[in-house]
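The lines below spell out each chain.
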Amino acid sequence: MGSARETAALTLAACEKQGAWSDGRLKHAMRENGLDRRDGALCARLCYGVLQNKLLLDWRLGRVCSMKLEKLAVKVLCILRVGAYQLLFLDKIPPSAAVNEAVELAKRHSRNPRAAGLVNGVLRALLREEAPEIRGRNELETLSIRYSHPRWLAEEFTALLGTEGAAALMEADNAQPPTTAQVNTLRTGAEKLAENLSGAGVEARPHPWLENCLLLTGTGDLERLEAFRRGEFYVQDAASRLAVLAAEPKPGQRVLDCCAAPGGKSFAAAIAMDNRGELVSCDIHPHKIRLLEAGRDRLGLDMIRPTLQNAAQCREDWVEGFDMVLADVPCSGLGIIRKKPDIRYKDPGPLAGLPRVQRAILDNCARYVRPGGVLAYSTCTLLRRENDEIVDSFLAEHPDFAAEPFQLPHLGQQPGRITFWPHVHGTDGFFAAKLRRKG
């Protein structure tokens, strides 16, 4: 069995070497090492905290390390990052405990007999150093270091929002968001669910402005909760649910969710429709179809029909067959960095091809909308080329569609589209547009 610190450091090292996503790798490692709820929480905090602050940690470590960090073995570097994160960001962990365990981990996981001495020396030097002013060679590099967003991303966000707005967004990306639970109102009410969760040791408080939405802390493994097993709630960010509410699904309609997995939008639509009508939920991966089926059955939403289908390939039997089509397309994911911090470190090169894929899906799915029906486009990114520019180019080439204003709780009337910002709305970064096909 490994400790919380050891599990975090080895998970980070494995992700660094293999390019794996941290969330899946971390869950597997915590189960494999038998971490209890308390150690599991610390392990997750260390792992995600290092990822959220990696560039800043490396900048601080680089100032006091006699070797260039890129010359260090990956495991040693990750042990240093976990130690440095505890020293710089966690007040409740004694510095001696952080340093001593880092040294022991270096002894255990490095073949270099000098590694433990180096780890000890670097972390103790970090403790002695007064917090320096964070300064890069220019403003963009300073932003990049301070908020641990690669320079290309700092540049993208600054172009969108200016320096102050970009700094606020990147700071929000490094916050720890609560788990957002949407109440299955077909089975329970928000107050009753909050009572049940509180009895299970989970702090549940109402979302400040979205009805039937709870913010959870101290959840541990959600699947162990009786309320979860009974299908009384599902996990979905407020912005994602609002994207569905903007489209206004109604009981009795026939709806297509063309990129449905893991299912949040299908579940939100089915609950809004009082589980009356038909909702076809598509994905291209068989294992994700099984996930959709499991979620449908747990929540009791039998109107949902999971279907294996590529959203970019036309099914002639679906043409003009739906009152509403939800197109939550593959995207760069730059709006959910606060929940998946390693997104920021992925190679930006492949992102250039995403708008072509997004338009292909939107063009194809537009065929499925009946005259008078709704096409809802959404992404979990913040880049205009994946959001507004896709919608603008689509409308220019499809005169039979037009943007339609919509009302949202708390946010009021929107002009056919909205971008949700983590630092403004307290949600994931998200884009949603409502397009009506002319009758």
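A brief look at the structure comes next.

Cut-off values and rules
- Residues numbered from 1 in each chain as written.
- Predicted model: local features only at pLDDT ≥ 70, side-chain atom pairs only at ≥ 80, totals over all residues.
- Heavy atoms only, no water.
- Helix = DSSP H or I, 4+ residues; strand = E, 2+ residues; numbered from the N terminus.
- Rg over C-alpha atoms; globule rule 2.2 N^0.38 Å.
- Buried < 20%, exposed > 50% of the residue type's maximum accessible area, 1.4 Å probe, protein only.
- Contact = heavy atoms within 4.5 Å.
- Areas by Shrake-Rupley, 256 points an atom, 1.4 Å probe, with all protein chains shown as cover.
- Lys, Arg positive; Asp, Glu negative; His and termini not counted.
- Charge placed at Lys NZ, Arg CZ, Asp CG, Glu CD.
- Pairing = 2+ DSSP bridges.
- Axes fitted to C-alpha atoms, helices over the stretch in contact; angles between N-to-C directions.
- Core = buried A, V, L, I, M, F, W, Y, C linked by side-chain atoms within 4.5 Å.
- Phe/Tyr/Trp six-rings, centres within 6.5 Å; stacked < 30°, edge-to-face > 60°.
- Parallel < 35°, antiparallel > 145°, perpendicular 65-115°, else oblique.
- Arc of directions from axis to C-beta.
- Polar contact = N/O pair within 3.5 Å; in protein donor to acceptor, adjacent residues only side chain to side chain.
- Salt bridge = Lys/Arg side-chain N within 4 Å of Asp/Glu carboxyl O.
- Left-handed = near helix turned anticlockwise from the far one by under 90°.
- Nonpolar A, V, L, I, M, F, W, Y, C, P; charged D, E, K, R; others polar.

**Section: the overall build of the protein**
Piece 1. Secondary structure summary: the protein contains 17 helices and 14 strands in total.
Piece 2. By the compact-globule yardstick of 22 Å for 439 residues, the protein fits well, its C-alpha radius of gyration being 23 Å.
Piece 3. Taking the principal axes of the C-alpha coordinates as reference, the protein spans close to 75 × 50 × 40 Å.
Piece 4. The 439 residues of the protein split such that 55% are buried.
Piece 5. Partitioning the contacts of the protein with sequence separation of at least 6, the portion at a separation of at least 24 is 72%.
Piece 6. Summing over all exposed atoms, the protein offers an accessible surface of approximately 19,700 Å²; the carbon and sulfur share of this is 49%.
Piece 7. If you average the places of the 59 positive and of the 54 negative side-chain charges in the protein, the two averages end up 5 Å apart.

**Regarding the side chain of His398**
Piece 1. Along the polypeptide, His398 turns up in the loop between α16 (388-397) and β10 (401-403).
Piece 2. Apart from the residues lying within four places of it in its own chain, the contact partners of His398 are Arg359 and Asp363.

**Some words on the sheet that holds strand β3 (residues 213-217)**
Piece 1. As summarised here, the arrangement of the four strands in space is β2-β3-β1-β4, forming an open sheet in which the pairing is antiparallel. Each end of this open sheet is capped by a strand with a single partner; those strands are β2 (203-206) and β4 (233-235). Within the sheet, the average angular offset between the axes of one strand and its neighbour, ignoring direction, is 35°.

**Quick notes on the nonpolar core**
Piece 1. Counting 43 residues, the largest nonpolar core has Leu12, Cys43, Leu61, Leu80, Val119 and Leu123 as its most contacted members.
Piece 2. Secondary structure elements with two or more residues in this core: α1 (4-18), α2 (22-32), α3 (37-52), α4 (54-64), α5 (74-89), α6 (95-109) and α7 (115-128).
Piece 3. When residues in this core are grouped by element, the largest group, nine residues, is from α5.
Piece 4. Those residues within four positions of Leu12 in sequence are excluded, and the remaining contacts are Cys47, Val50, Leu51, Cys78 and Val82.
Piece 5. In this structure, Tyr147, Trp209, Leu334 and Ile337 belong to the second largest nonpolar core, which totals 33 residues.

**Some thoughts on the packing of aromatic side chains**
In this description, an aromatic ring pair is defined by two values, namely the gap between the centres and the angle between the planes.
Piece 1. Scanning the model with the defined rule gives seven aromatic pairs in all.
Piece 2. Ring geometry for Tyr85 and Phe89: centres 5.1 Å apart, planes at 20°, overall stacked. A residue pair is termed a helical-turn pair when its members lie 3 or 4 positions apart in one helix, as Tyr85 and Phe89 do in helix α5 at four residues.
Piece 3. Assessed through its relative accessible area of 33%, Phe89 is described here as partly exposed.
Piece 4. Of the aromatic side chains, those joined through ring pairs into one cluster are Trp318, Phe322 and Tyr368.

**Focus: the packing of α4 against helix α8 (residues 139-147)**
Piece 1. Contact geometry for α4 and α8: axes closest at 5 Å, N-to-C directions at 100°. Relative to α8, α4 is oriented roughly perpendicular. For the pair α4 and α8, contact is made by Leu55, Leu56 and Trp59 and by Ser144, Ile145 and Arg146, respectively.

**Overview of α16**
Piece 1. Restricting attention to buried positions, one finds in α16 the residues Asp388, Ile390, Val391, Phe394 and Leu395. Projected down its long axis, α16 carries its buried residues within an arc of 160°, all on one side. Opposite the buried face of α16, at more than 90 degrees from it, the exposed residues are Ala396 and Glu397.

**Considering the side chain of Arg254**
Piece 1. Within the secondary structure, Arg254 is located in strand β5 (residues 254-257).
Piece 2. Of the polar contacts made by the side chain of Arg254, one reaches the side chain of Glu278; its length is 2.8 Å.
Piece 3. Of note is the side chain of Arg254, whose polar atom sits 3.0 Å from the backbone oxygen of Gly321.
Piece 4. Other than its neighbours up to four places away in sequence, Arg254 contacts Glu278, Arg305, Trp318, Gly321, Phe322, Asp323, Met324 and Arg370.

**Examining unusual backbone geometry**
Piece 1. The linkage connecting Ala261 with the following residue, Pro262, adopts the cis geometry, with an omega of 5°.
Piece 2. Here Pro262 lies in the loop between β5 and α13 (264-272).
Piece 3. Unusually for a residue other than glycine, Asp274 sits at a positive phi of about 60°.
Piece 4. On the basis of relative accessibility, which here comes to 38%, the residue Asp274 falls in the partly exposed class.
Piece 5. Positive phi is not limited to glycine here, since Asn275 has a value of about 60°.
Piece 6. Position of Asn275 relative to the elements: it lies in the loop between α13 and β6 (278-283).
Piece 7. Residue classification places Asn275 among the buried positions, given a relative accessible area of 18%.

**What about the pattern of salt bridges?**
Piece 1. Throughout the structure, instances matching the rule amount to 35 salt bridges.
Piece 2. Salt-bridge contacts for Glu320 lead to Arg437; the nearest nitrogen and oxygen are separated by 3.2 Å. With Glu320 in the loop between β7 (304-308) and β8 (322-328) and Arg437 in strand β14 (residues 430-437), the pair connects residues that are 117 residues apart, well separated along the chain.
Piece 3. The exposure class of Arg437 is buried, given its relative accessible area of 14%.

**Concerning the packing of α1 against α6**
Piece 1. Where α1 meets α6, the axes come as close as 10 Å, and the angle between the chain directions of the two elements is 55°. With respect to α6, the axis of α1 lies oblique. α1 and α6 meet at a crossing whose hand is right-handed. Contacts from Arg5, Glu6 and Leu10 in α1 reach Ala97, Ala98, Glu101, Leu105, Arg108 and His109 in α6.
Piece 2. The residue makeup of the contact of α1 with α6, split by class, is four nonpolar, one polar and four charged.

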